[in-house]
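So you can see what is in the structure, the chains are spelled out below.
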Amino acid sequence: MVMSTATQPDLFARVNANKERLDAHVREIVQWHFNPETGCPFWLNWAQEAGWDPRKEVSSYEDLAKFGNFSDDELRGGPVRRWIPKGLAHRPAYVFETGGSTGLPKSRVQMDDFRIDYENFSETLPDESFPKGSDWLMLGPSGPRRLRLAVEHLAQHRGGIAFSVDLDPRWVIKLIKRGQLQEAELYKQHCVDQALTILRSHEVKCMFTTPKLLEALCEKINLEKVGVKGVFCGGTEMTPQFHRFAVEELLGPNVYFAPTYGNTLMGLATHRAPEPKDNWAIIYYPPCPRALLEVVDFDDATKVVGYGETGRVRLTTLTKETFIPRFLERDECEREAPCDQYPWDGVRNVRPFSRFQKSVVEGVY
Amino acid sequence: MLHLPILRYGKPYRSVDVSTAIHYRTRQPYVEISQANVGLIRRDLLQQHEAAAILQGFTTRELIVMAGKASGYFLNDDLPQSPQEFVESVSATTGLPWVMVRRNMDKIAGVLASMETVLMGLTRLPALDMLDTGRGEMDGRALSFFPRGNSMGVILPSNSPGVHSLWAPAIALKTPLILKPGSSEPWTPYRIIQAYIKAGVPAEVFGYYPTSHAGGAEVLRGTGRGMLFGDVAAAKAWSGDPRIEIHGPGYSKIILADDGAANWDKYLDLMVDSVANNSGRSCVNCSSIWTTGNGRELAQALAERLAKIKPTSEEDPHAAVAPLANPDVAKRISAMVDSELDADAEDLCAKVRGSERVAVYEGCTYLLPSVIHVSSKEHAMANREFGYPHVSVVQVEPHELPHCLGPTLVCTALTNDTKLHQRLLANPHIGRLNLGAISTMKISWDQPHEGNLFDHLYSRRAFQAVPELVG
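Residues numbered from 1 in each chain as written. Chains lettered and ligands numbered in written order. Predicted model: local features only at pLDDT ≥ 70, side-chain atom pairs only at ≥ 80, totals over all residues. Heavy atoms only, no water.

## Focus: the environment of Val26 of chain A
All names here are of chain A. Rules: By definition, any uninterrupted DSSP run of H or I lasting at least four residues is a helix, any uninterrupted run of E lasting at least two residues is a strand, and each is numbered from the N terminus. Whether two residues touch is decided by their heavy atoms; if any such pair falls within 4.5 Å, the residues are in contact.
Assignment of secondary structure puts Val26 in helix α1 (residues 9-33). Along the backbone, Val26 and Lys132 are 106 residues apart, and their C-alpha atoms lie at a distance of 34 Å. Discounting residues that sit within four places of it in the chain, Val26 has contacts with Val58, Ser60, Tyr61, Leu64 and Leu318.

## Let's talk about the sheet that holds strand β22 (residues 430-435) of chain B
Strand pairing within a sheet occurs via backbone hydrogen bonds; the two strands may be parallel or antiparallel. Residue and element names in this part refer to chain B. Keep this limit in mind: Paired strands, as defined in this entry, are two strands with at least two bridges between them according to DSSP. Lines fitted to the C-alpha atoms define the axes, with helices restricted to the stretch that makes contact. Angles between their N-to-C directions range from 0 to 180 degrees.
Taking strand neighbours across the sheet as the criterion, the seven strands line up as β16-β19-β20-β14-β13-β21-β22 in an open arrangement whose pairing is mixed. Pairing within the sheet leaves two strands with one partner each, and these edge strands are β16 (345-347) and β22. The average undirected angle you get between the axes of adjacent strands in this sheet is 20 degrees. Sheet strands touched by helix α13 (residues 295-306): β13 (252-256), β14 (286-291), β16, β19 (370-374) and β20 (390-395). Its angle to β20, the strand with the most contacts, is close to 165 degrees. Sitting on the sheet, helix α16 (residues 418-426) touches β13, β21 (408-414) and β22, and the angle it makes with β22 is about 155 degrees.

## Remarks on a negative patch on the surface
To keep it simple, the criterion reads: Like-charged residues are merged into a patch within 9 Å and nonpolar side chains (Val, Leu, Ile, Met, Phe, Trp, Tyr) within 5 Å, provided each residue has over 30% relative accessible area and no salt bridge. Surface exposure here means Shrake-Rupley accessible area, sampled with a 1.4 Å probe, where a residue is shielded only by the protein chains that are shown. A side-chain nitrogen of Lys or Arg and a carboxyl oxygen of Asp or Glu constitute a salt bridge if their distance falls within 4 Å. In this tally Asp and Glu are treated as negative and Lys and Arg as positive; neither His nor the chain ends contributes. The location of each charge is read from NZ of Lys, CZ of Arg, CG of Asp or CD of Glu.
On the surface, Asp78, Glu85, Glu88 and Glu315 of chain B cluster together into a negatively charged patch. For Glu315 of chain B, the location among the structural elements is in the loop between α13 and β15 (323-324).

## Concerning the pattern of salt bridges
Rules: Any residue under 20% of the maximum accessible area for its type is buried, any over 50% is exposed, and the rest in between are partly exposed; the area is computed with a 1.4 Å probe on protein chains only.
According to the stated counting rule, one finds 51 salt bridges over all chains in the structure shown. Lys198 of chain B is the partner of Asp77 of chain B in a salt bridge, and the nearest nitrogen-oxygen pair spans 2.7 Å. On the criterion of sequence distance, the pair formed by Asp77 of chain B in the loop between α3 (60-76) and α4 (83-94) and Lys198 of chain B in helix α8 (residues 187-198) is long-range, its members being 121 residues apart. For Lys198 of chain B, a relative accessible area of 43% puts it in the partly exposed group. Several salt bridges share partner residues, and in doing so they unite Glu185, Lys188 and Glu219 of chain A together with Arg42, Glu218 and Arg221 of chain B into one network.

## Quick word on the sheet that holds strand β9 (residues 283-285) of chain A
Residue and element names in this part refer to chain A. Reading across from one edge, β4-β3-β5-β6-β7-β8-β9-β13-β12-β11-β10 is the order of the 11 strands in this open sheet, with mixed pairing throughout. The open sheet is flanked by β4 (162-164) and β10 (291-296), the only strands paired with a single partner. The mean angle between the axes of side-by-side strands here comes to 40 degrees, regardless of whether they run parallel or antiparallel. Those strands touched by α1 are β10, β11 (310-318) and β12 (323-336), and its axis lies near 55 degrees from that of β11. Relative to the sheet, helix α9 (residues 240-251) contacts β6 (230-233), β7 (256-263) and β13 (346-352), its axis offset from that of β7 by approximately 145 degrees.

## Details of the domain arrangement of chain B
Put simply, an interface is often sized by how much accessible area is lost when its parts join up. Residues and elements named next belong to chain B. Defined as follows: For the domains described, the bounds stem from an automatic or database domain assignment. Note on definitions: buried area is the accessible-area loss of two parts on being combined, 1.4 Å probe, summed for both. Here a polar contact is taken to be a pair of N or O atoms separated by no more than 3.5 Å, where protein atoms must pair a possible hydrogen donor with a possible acceptor and residues adjacent in sequence count only if both atoms sit in side chains.
Under the domain assignment, chain B is made up of domain 1 (2-248 + 451-460) and domain 2 (252-435). Between the C-alpha centres of domain 1 and domain 2 the distance comes to 30 Å. If you look at the interface, domain 1 gives 17 residues, while domain 2 gives 20 residues. Summed over both sides, the interface between domain 1 and domain 2 buries roughly 1700 Å², with carbon and sulfur atoms accounting for 50% of that surface. At the surface where domain 1 touches domain 2, the tally comes to two salt bridges. Arg25 is the partner of Glu314 in a salt bridge, and the nearest nitrogen-oxygen pair spans 3.6 Å. In this assembly, domain 1 and domain 2 are joined by eight residue pairs in polar contact (both at pLDDT 80 or more). For the side of domain 1 that touches domain 2, the secondary-structure elements that each account for two or more residues are α4 and α5 (98-113). Top contributing element to the side of domain 1 that touches domain 2 by residue count: α5, with five residues.

## Here we look at α1 of chain A
Our working rule: Multiplying 1.5 Å by the helix residue count minus one yields the expected span of that helix.
Along its 25 residues, α1 of chain A runs 36 Å from first to last C-alpha, staying within 8% of the 36 Å computed at 1.5 Å per residue. In the core, the buried residues of α1 of chain A are packed alongside α2 (41-50), α3 (54-57), β10, β11 and β12 of chain A.

## A look at helix α4 (residues 113-122) of chain A
Inspection of α4 of chain A places Asp113, Phe114, Asp117, Tyr118, Phe121 and Ser122 of chain A among the buried residues, and these make up the whole buried set. In the core, the buried residues of α4 of chain A are packed alongside β1 (94-97), β2 (107-110), α5 (146-157), β6, β7 and β8 (267-271) of chain A.

## Considering the pairing of β14 of chain B
Residue and element names in this part refer to chain B. Of all the six residues making up β14, six are buried; the element is thus mostly covered by neighbouring parts of the structure. Summarising the sheet, β13 and β14 pair through five bridges and their orientation is parallel. From the neighbouring strand, Ile255 faces β14, where its bridge partner is Trp290.

Below is the structure:
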C-alpha cells in the first residue's frame, strides 16, 4: 500500500515547511554537539576517530546517514559524564535508565529535556479531560526512571500535584524469569493497592499508568466514579484490541484515553485522535524536530519503507542535551503518512520486533 | 472469509486482533479467528460466579436431558454450520480426512448422548440427584460434595477433535466452561457450545476465548479448575499446580508376555488399530509395543501391514492417514526420527515401503507410518510419541515388565499371567489398564479417562446432620 503525503495542497506545503525547519534544527544540534566548546566528550572523541567533521558535512536530516546506525551498547555503563555537553556542564544533571529488561540498562543524562518533552506533550492533552489545576496519580515505575519525574513535572506544569507509588519493575522481571508468576501477580496487586488508597483518599482527576496496571486497577475500581477524567497510558506495547478494550470497557465514554509511545531515549510520541477508519489502530507522531521516528526495511536499515508498509522503528534524538542519530529500536510498526496535526512521518501499531529470537520480559511495566 | 468470534459468556464479540488458520491443501487463509486480549479474559473471569449460579439453577437430570438433545444437534443440525460444512472445516485446518472427523463427531455425540452413564461412571454415586442437593447417603453413610471452583478453564489442542469429549461432561456437572480453542481446530468446541445452547443450556455459561499463550495462561490462572492439553513443555509449565489436570503425550502401550508373544499374530489387527486409528494423532494411540518374545517377527509383520497405508483424498471413506497442516512440521518430525535411528533402532516400515516417511500427495505432506524395531529398552526410540502412526517394538525380559514402561496413559496387556496382572494393577504409572484384546483406542465412557472429571471438579466434605436441625 502506498499513500501519498500530498493529498491536500496545504498539507504538502506544511510538510515541506516542516522539512526546512527540521534541517535547520539538525544543523543547529550538530553544530552544538561537535563544537569543542559545547559538545560532549563522547561525540567529540567520536568525530576525532571518525576523521570527519559533522559540522561541515551535515546540513540536512538526510545527511545524518553519514553516521550509520547508532549502537545502543554505547549507552550502557559508565562513565555517564561522557554524555554531558560542555555547554551544559554547569547545569544540575539527572541520570535516567531504561528498563533493564535486556541486561545492563542504557543511561541518558538530562538536565531539562524531560521537562521540555512533557511540556510539549501537555499541549496535546485536552483540558476538559486533563483539567488544569487538578491532581494526578502516577501509577508507573519509580526509581531511576525518567517517567517518574516527567509525569510529576507534567502535573506541576498543568498546575497540579502528582501522587505516586513505589513500583520496581526490575523486581517483577526477576520474578517472571524465575517462574514465580504468583509472586509477580501479588506484587502487581501491591502496586494497585497503593493506587486505590490514593484514589479513594484524594481528589485525583488525571493519571498515568501502563496497560497492564490499567487493567488490574479497573478490576478493582470504576475510574469514572472516583472522578478520573483522563488517563495517559504508555510504557509497553498497546495493540489495537487493547485500545478498543480500554476505551469501551475499562474506561467508558467519559474518561479520555491518551495512548503514548515513548522511552527514555526518545521522549514521548503522542497519538493522533482516533478515527473510525483506523479500526482502533494506534497512530503515534514523534515530537519533531526534537525526535524523529522512521520505519526502515528489516533487511536493509538504510532504506525507509513506503507508507503503510511494515518495518523496524529507527529513532533519532536531536536535542542540545542528547544527540542519538539513527538508533534501531526493538520495535516494528507500519509507516504512517503526515497529517494536518503532525506534518511529518508517524508510526502505526508499534509492537515488539518480531525477528528478535530472545523474548523480552516486560513485567508490569 | 469465515470468521469465528470470541464468546463472552455466550455473547459473540468480534475482536480487532485476529489470527488466520490456513487450508492445509491450498495454503490459503481459510478462517479468521477473533483473538481475545489478556485483559478482556481477566475482566470476564470476574463474572465466573454468576455463570456458576446459573447452572446451579438446573437439576442434573435436566442437564443430562439437554446433553442428550445436544448430541443430536451436534451431529445433525446447522449450528450455524451444517454437519458437512463442519466436517470440511475441521478437515481444512487440521488435515484430518472427513471419515476421521466424522468418527470423532460420533465419539463426542456418544458422550453427550450417554451423559447419565458417563456421570454414573465418574461419580459412582447411587443417585445423581446428590449433585443437586449436595448431600446424600451411600450404604447408610452420609456423603456431601462441593464444587471446587466456579468454572473450568480448558486449553485445547489442535490435533484431533476427539479430546473434546473429555471436558464436555462438565456442563452436566454444573461447571461453566472457559475454553481456549487450538489455533487450527477452533471448530469443535464452538460447535459443542452451539449444540448445548440449542438444547437449552444458557449461553452465559460458556466462554470461548481464542487467544495467545499469555491469554491461555490467564484462563488457567483465573479459573478455579483447569485442564491443559499440550506437549511436554506446556505440561511441565503447569505440572506443579494441583488445580490443573494435565493431558500431555500418552505413551500408550501394548504389552505381550510369554503367552501373548507366542501368539502375537492373533493380535495384529488390534495392534494396527491401536497404532494407526485416527492417523496416530491421539494420546490413546499405541506408540510402543513391549514383548517378551518374537519381537523382530512381530515388528516385521506390523510393518508390512502399516506400509500399506497410503495417502488418499480427504473424501475417501477409507482414508487412513492425515496430512499435516504444516509441511515443515512433517519434515522436522521425520528428521527427528531419523536422527535417532541407528544399528539398534531400524524403521522396518520404511524398508518394506521402499520410500521415504515424508510423502507428498496432491500437494499435501504426509508422515507415513513407521515401525521401529528397537533392540534395547534403554534406546532413545524405545518410548517415543510423535503424533502420526509411529510405533516402537521392544523386546524385554519378563521380569522387566511393567517397571520398564514408565508413564503410560493406556496399557493393553495380552497375557493370562495373573502375577503380571497384579503387578500391572499395582503400577501407579498406568492410567487405564485393558486386560485382554482391547484396542488402546477403545474408551469405555463409564470409566474415568485421564483423571476423573468429577474428582477434578468436586471435593468431598465431612458431613453430619440430625433429623431435627433446630429444636
